[in-house]
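Observations on the three-dimensional arrangement
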Amino acid sequence: MNQKEMDTLIKHYDTYFKQDDCRVLHPVVMEPHIDALLYAPNEAYPFWKLVTAGASDYKMNAPKGALGNRNEYMMFIDASEDMDDQETANWYFAQLMEVALYPKSFNCFITYGHSIEWPAEDGEEMVGAYLEMPQVIDDVGVLRCKLGMLKTAVCLQVVLLNRAETDRLVEIGPEQFSCFLYPDDGDRHFICERKRSDKF
């Protein structure tokens with residue numbers, strides 16, 4: 001991602017998150033190179049926003065009628081998490097990168113309604129992620145960011161899942177699971193946590 005594209009993407013996130021105070025998290029050597037931007041909880045959206053910048057450099061082989069062929073990803077993290085703590089921030093960054101690197105690693109297409117699983121690690125509860133529309137953001141314009149003449153990124157929400165939630169997704173299917181995450185009325189379930197609590 002060149003500097004102009006990076007600036008455009010940051011402006012996009014700034015606009016829809018209603019803040020301009022992100023910090024850039026640079027990974028160790030990674031190919032493709034993907035940074036993450038971290039936005040602190042604010043009045044409009046009182047949770048952390050951890051988002052990718054560079055995942056859209058990978059052009060997926062998208063089927064006809066797809067939302068797009070390039071993705072960026074956003075994760076909404078509970079405000080109580082200490083994202084100033086390096087180990088905590090690194091853990092969430094690693095989960096986000098599992099998703100961001102998946103299309104290139106497996107030469108595949110992923111979009112809204114898809115899910116990814118990974119092997120459970122000792123002591124870790126989360127075993128996968130579901131890709132959702134970022135419905136908690138008021139303006140639907142957040143979904144697409146035009147980076148250039150022929151390059152538009154689809155900005156999808158990553159929702160981390162534990163084993164029980166992954167099993168529920170398999171049982172009821174992605175459409176009903178999306179309704180569970182964002183019901184027409186009632187509590188929304190969009191917050192990412194390392195250890196599941198009743199905040200989800």
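All of the points below concern the structure found in this document. Predicted model only: the values in this text are computed from it and were never measured.

1. Remarks on the nonpolar core
- Counting residues in each nonpolar core, the largest one holds 34 residues, and the members touching the most others are Tyr73, Met75, Tyr92, Val99, Val158 and Leu160.
- Listed by contribution, the elements that provide at least two residues to this core are strand 2 (35-39), strand 3 (48-53), strand 4 (71-77), helix 2 (86-100), strand 6 (126-132) and strand 8 (151-162).
- When residues in this core are grouped by element, the largest group, 8 residues, is from helix 2.
- Non-local contacts of Leu160, meaning those with residues more than four positions away in its chain, are made with Met75, Trp91, Tyr92, Gln95, Trp118, Met126, Gly128, Ala129, Glu165, Cys192, Glu193 and Arg196.

2. Examining helix 2
- Over its 15 residues, helix 2 runs 20 Å from end to end, which matches the ideal 21 Å to within 8%, given 1.5 Å per residue.
- By the burial criterion, the buried members of helix 2 are Thr88, Ala89, Trp91, Tyr92, Phe93, Gln95, Leu96, Met97, Val99 and Ala100.

3. Quick look at the environment of Gly113
- With respect to the element layout, Gly113 can be found in the loop between helix 3 (102-105) and strand 5 (115-117).
- Sequence separation between Gly113 and Leu131 is 18 residues, and the spatial gap between their C-alpha atoms is 5.5 Å.
- Setting aside residues no more than four positions away along its own chain, Gly113 makes contact with Tyr130, Leu131 and Pro174.

4. Re the pattern of salt bridges
- Considering all chains together, one arrives at 9 salt bridges under this definition.
- In this structure, Lys151 and Glu5 form a salt bridge, with 3.1 Å as the shortest nitrogen-oxygen distance. Here Glu5 lies in helix 1 (residues 3-17) and Lys151 lies in strand 8, a separation of 146 residues in the sequence.
- The class for Lys151 is buried, based on a relative accessible area of 11%.

5. With respect to the packing of aromatic side chains
- By the definition in use, this model includes 13 aromatic pairs.
- Residues Tyr13 and Tyr39 carry aromatic rings whose centres are separated by 6.5 Å and whose planes lie at 70° to one another, so their mutual orientation is edge-to-face. One end of the pair, Tyr13, is in helix 1; the other, Tyr39, is in strand 2, with 26 residues separating them in the sequence.
- The exposure class of Tyr39 is buried, given its relative accessible area of 0%.
- With a centroid separation of 6.1 Å and an interplanar angle of 50°, the aromatic rings of Tyr45 and Phe47 are classed as tilted. Of the two residues, Tyr45 and Phe47, both sit in the buried class.

6. Some words on the pairing of strand 2
- Within strand 2, 5 of the 5 residues are buried, which leaves it mostly tucked inside the rest of the structure.
- Judged by which residues are buried, strand 2 turns out to be covered on both faces: Asp35, Leu37 and Tyr39 on one side and Ala36 and Leu38 on the other are all buried.
- Pairing analysis gives 3 bridges linking strand 1 (residues 23-25) to strand 2, with the strands arranged antiparallel. Of the residues in strand 2, the one forming a bridge with Arg23 is Leu38.
- Bridge count between strand 2 and strand 3: 5 bridges; the pairing is antiparallel. Each bridged residue has a counterpart across the sheet, and for Leu37 the counterpart in strand 3 is Val51.

What counts and what doesn't
- Residues numbered from 1 in each chain as written.
- Predicted model: local features only at pLDDT ≥ 70, side-chain atom pairs only at ≥ 80, totals over all residues.
- Heavy atoms only, no water.
- Core = buried A, V, L, I, M, F, W, Y, C linked by side-chain atoms within 4.5 Å.
- Buried < 20%, exposed > 50% of the residue type's maximum accessible area, 1.4 Å probe, protein only.
- Helix = DSSP H or I, 4+ residues; strand = E, 2+ residues; numbered from the N terminus.
- Contact = heavy atoms within 4.5 Å.
- Expected span 1.5 Å × (residues − 1).
- Salt bridge = Lys/Arg side-chain N within 4 Å of Asp/Glu carboxyl O.
- Phe/Tyr/Trp six-rings, centres within 6.5 Å; stacked < 30°, edge-to-face > 60°.
- Pairing = 2+ DSSP bridges.

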